[in-house]
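Chain residues, written in single-letter form:
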Amino acid sequence: KTEVRSLENPNAPVSAENFLHIMGWGDFQSTAGVTVNIDNALGVPAVWAAVNFISGTLASMPLEVYRTTDTGHERIRSGVAAWLDRAVNPTLSSFAWRKYIFEQVLTGGRSVTLIVRNTAGVVTDLVPLDTANLHVFETNNGGFSGRGYRARSQTYDASEVIDLTFMLKHNQIDIRGPIMHHKDVIGMAIAATRYGAKAFQAGGIPPAVLQGPFQSGAAAQRASDDVAQATARLAREGRPVMALPAGHELKSVGFSPDEMQLIELQKFCVEQIARIYSLPPVFLQDLSTGTFSNTEQQDILL
């Protein structure tokens, strides 16, 4: 009997989602056991503050294009340069477009905008492309290597787009995004926030095990349910004491937020995220070590 088998696992196809992981987009599993993606990373206040602060600041600055001539620098007022300080298309103002592209760079690591031209070659619109559906590849034209961009069924040359990246890999094609590259730090911040929320949900009581002379598994389950309901009721009523039947004992099986140094961990995560985005912690609203002098100097230096 002859068997023919494929080396590929049919249960793990190279799907669009897997391809996004290869290209640096999608969800990533951190060592903290938390799935990290752009959406839940922005749920971390420090990440939100960093992205919002940098993108909003850069978008509000004047954007002008100059070229070097024999007599000095000359401002360019035609072509793409003429569209950078006005509404880039019927739905996006210049500020909204610039803030959007910087947000994409600061989260996913890349932003690509299509330069739309009419048949005469005159620029008519600037349209941001969805990087989740974008494939960047290397081209070879007449011995010169360059980049090509494929969005769904359309292919564009590098001269047809504005490509902004956070950090390029060694091949100068793929990117390193801050959220993707630092998923463990951001995952730790997400895990700390979730643990703190669950602790408050349980009235600040860590997980515990109930020991006692139970006659059956069903009796143990009923006792556990009764203790859980009593604990929730005590948390609502603000009562600090709970009575247990004789022979029963409630023991903690986890660490309290104080033992886990949860507050210190969250402060550390803020400092780490500030390092990722090269920002002083004061710009992430962390004034725990800020004074009038050092906060003012950091503001001037930035």
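Given the structure is predicted, the values throughout are model-derived calculations rather than measurements. (Residues numbered from 1 in each chain as written. Predicted model: local features only at pLDDT ≥ 70, side-chain atom pairs only at ≥ 80, totals over all residues. Heavy atoms only, no water.)

Draft legend 1. Spatial organisation of the environment of L262. Position of L262 among the secondary structure elements: in helix α8 (residues 262-276). Taking the C-alpha atoms as reference points, L262 and T193, 69 residues apart in sequence, are found 8.9 Å from one another. (Helix = DSSP H or I, 4+ residues; strand = E, 2+ residues; numbered from the N terminus.)

Draft legend 2. A look at the packing of aromatic side chains. Within the structure shown, the criterion is met by one aromatic pair. Consider the rings of F53 and F283, whose centres lie 4.9 Å apart with planes at 45 degrees: the pair is tilted. In this pair, F53 is assigned in helix α3 (residues 45-60) and F283 in the loop between α8 and α9 (292-301), connecting sequence segments 230 residues apart. R86 extends its terminal NZ or CZ atom over the ring of W83, reaching a point 4.1 Å from the ring centre. (Phe/Tyr/Trp six-rings, centres within 6.5 Å; stacked < 30°, edge-to-face > 60°. Lys NZ or Arg CZ within 6 Å of the ring centre and 35° of its normal.)

Draft legend 3. Spotlight on the nonpolar core. Counting 23 residues, the largest nonpolar core has V44, V47, I186, I273, Y277 and L284 as the members making the most contacts within it. The set of elements that each furnish at least two residues to this core consists of α3, α6 (183-201) and α8. The residues contacting Y277, other than those within four sequence positions of it, are V47, A50, V51, I54, L106, P178 and I179. Core analysis: the second largest hydrophobic core is formed by ten residues, L114, V136, V161 and I173 among them. (Core = buried A, V, L, I, M, F, W, Y, C linked by side-chain atoms within 4.5 Å. Buried < 20%, exposed > 50% of the residue type's maximum accessible area, 1.4 Å probe, protein only. Contact = heavy atoms within 4.5 Å.)

Draft legend 4. Broad picture of the environment of K183. Tracing the backbone through its elements, the reader meets K183 in helix α6. Taking the C-alpha atoms as reference points, K183 and N37, 146 residues apart in sequence, are found 8.3 Å from one another.

Draft legend 5. Looking closely at the side chain of R110. Locating R110 in the fold gives a position in strand β5 (residues 110-117). Classification of R110 by relative accessible area gives buried; the value is 1%. A polar contact is formed between the side chain of R110 and the side chain of D163, at a distance of 3.1 Å. Looking at R110, its side chain comes within polar contact range of the main-chain oxygen of I173, at 3.0 Å. Filtering out sequence-adjacent residues up to four positions away, R110 remains in contact with Q104, V105, T131, V136, R147, D163, L164, T165, L168, I173 and I175. (Polar contact = N/O pair within 3.5 Å; in protein donor to acceptor, adjacent residues only side chain to side chain.)

Draft legend 6. Just the sheet that holds strand β6 (residues 123-128), in detail. Read from one edge of the open sheet, three strands run β6-β5-β10, paired in antiparallel fashion. For this open sheet the edge positions go to β6 and β10 (161-165), each flanked by a neighbour on one side alone. Mean inter-strand twist for the sheet, computed between neighbouring axes without regard to direction, equals 15 degrees. Pairing geometry for β5 and β6, over five bridges, is antiparallel. If you follow I115 over to β6, its bridge partner there is L126. Across the sheet, helix α4 (residues 94-107) is in contact with β5, β6 and β10; its angle to β5 comes to roughly 140 degrees. (Pairing = 2+ DSSP bridges. Axes fitted to C-alpha atoms, helices over the stretch in contact; angles between N-to-C directions.)

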